[in-house]
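Structural features, examined
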Amino acid sequence: MNKSRRSFFQRTVSLVAASSIFSSIPSFAFNTQGTKKMKMTFRPYTLELKHVFTVASLSRTTTPVVLVEIEYDGIVGYGEASMPPYLGESQESVMAFLKRVDISKYGNPFDLESILTDIDSLAFHNTAAKASVDIALHDLVGKLIGQPWYNIWGYDKTKAPNTTFTIGIDKANVVREKTKEAVGFKILKVKLGKDNDREMIESVRAVTNVPLTADPNQGWKDKFYALDMIHWLKEQGVVYIEQPMAKERYDDHAWLTERSPLPILADESCQRLADIASVKGAYSGIVIKLMKCTGMREAHKMITLARANNMKVMFGCMTETSCAISAASHLSPMVDWADLDGMLLIKNDAFTGTIVKEGKLVLSDGPGIGVKKIG
Ligand code: MG
């Protein structure tokens, strides 16, 4: 090919690619070298729970979050950090971290890999704080392109799974009432790990026959008890178990996974991408949560790596608004199971976005993560 033919060919390929793939991108989206700067603002917000929520380690009625906005050329991306107390972050720690993030110094919002790697290096841990920036940037970039993330990643949103609805640990009569309120869900998640495991399951089973999942949250102390319980839970229609024992007990989990008739998923044992190497072999799969893994970009990598290692993937959440839940839902067509019910547990959601219809996650068509702020 001579020089002029080659340049014509390259121009044509470029034009075809640009017109077919990016036809909906506003021209300003590519003008990332000019004077436009990203600007980030954030504020604390307290989620009020509909019910007292009890897991193996504690009870609570509120969850602190921080809501983040990143604005670029008049477009605003929304993000959120949620901080259940046992994870070690707080509104104060998140806001202290966010004050250290100089978002204005990054000229190109599309350069997510460089920006998020740089922000990750600012401090160890702070994963919810990092996730809030990641979600807001993804929302912003999706809006600049004019596409929802399920389209950008190439996922069929109709393949979003049913979500579990979580029943916290409580007295038998309260558990029955909560289970009745969960009518319409096709699968329920039951918190276990205290001294009433069988009563919890039997109370749910007194109301419904839908499949169940079980989450002892590290509450089981003995691997033989765990194995006996798992056999009994299988007979009760449970389909997988999250984090049966303490997160450090890899050998005991490997022993259990080898013998278990149900998949055993690493939740507390698997926070980030690098943890997959250490839980491989000890568990059947992993639980990904945006607040554990620093956000959508790393979550996407974790799904890919887990799949390459033939591991199951469940997408979980904290108590969160529809902002973080909607962000997670854009990855949900790629997972085996989803527990994305956090926004259903609160009275004062600050966004609309992904909803649950007849138990299934239904993503909005809006660009970015597809949320709208309430009020
Ligand atoms: Mg869990």
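Data block above holds the structure.
Now for a quick tour of the structure. (Residues numbered from 1 in each chain as written. Predicted model: local features only at pLDDT ≥ 70, side-chain atom pairs only at ≥ 80, totals over all residues. Heavy atoms only, no water.)

This part covers the coordination of the magnesium ion. Bound to the magnesium ion on the protein side are Asp215 (OD), Glu242 (OE) and Asp267 (OD), at distances that span 2.0 to 2.3 Å. Sequence positions of the residues that donate to the magnesium ion give the spacing D-x26-E-x24-D. With Asp215 in strand β6 (residues 212-215) and Glu242 in strand β7 (residues 238-242), this pair connects stretches of sequence that are 27 residues apart. Neither Asp215 nor Glu242 differs from the other in exposure class; each is buried. (Donors = N, O, S within 2.8 Å, 3.2 Å for Na, K, Ca; no water. Helix = DSSP H or I, 4+ residues; strand = E, 2+ residues; numbered from the N terminus. Buried < 20%, exposed > 50% of the residue type's maximum accessible area, 1.4 Å probe, protein only.)

With that out of the way, let us pick up the pairing of strand β10 (residues 312-315). Summarising the sheet, strand β9 (residues 285-288) and β10 pair through four bridges and their orientation is parallel. From the neighbouring strand, Gly285 faces β10, where its bridge partner is Lys312. (Pairing = 2+ DSSP bridges.)

Right, let's get into the pattern of salt bridges. Per the counting criterion, the structure on display carries 21 salt bridges. In this structure, the salt-bridge partner of Lys373 is Glu69, at a minimum N-O distance of 2.8 Å. Highlighted residues: Lys373 in strand β15 (residues 372-373) and Glu69 in strand β2 (residues 59-72), separated in sequence by 304 residues. Among the ionic pairs, Lys301 bridges to Glu113, the shortest N-O distance being 3.1 Å. Of this pair, Lys301 sits in helix α12 (residues 296-308) while Glu113 sits in helix α3 (residues 112-120), and the two are 188 residues apart along the sequence. Its relative accessible area of 32% is what places Lys301 among the partly exposed residues. What makes Glu113 partly exposed here is its relative accessible area of 33%. A single network of salt bridges, built from pairs that share partners, joins Lys189, Lys191, Asp215, Glu242 and Asp339. (Salt bridge = Lys/Arg side-chain N within 4 Å of Asp/Glu carboxyl O.)

With parallel pairing, the eight strands of this open sheet are ordered in space as β4-β5-β6-β7-β8-β9-β10-β11. Each edge of the open sheet carries a strand with a single partner, namely β4 (165-167) and β11 (337-338). Along the sheet, α12 makes contact with β9 and β10, crossing β10 at roughly 155 degrees. (Contact = heavy atoms within 4.5 Å. Axes fitted to C-alpha atoms, helices over the stretch in contact; angles between N-to-C directions.)

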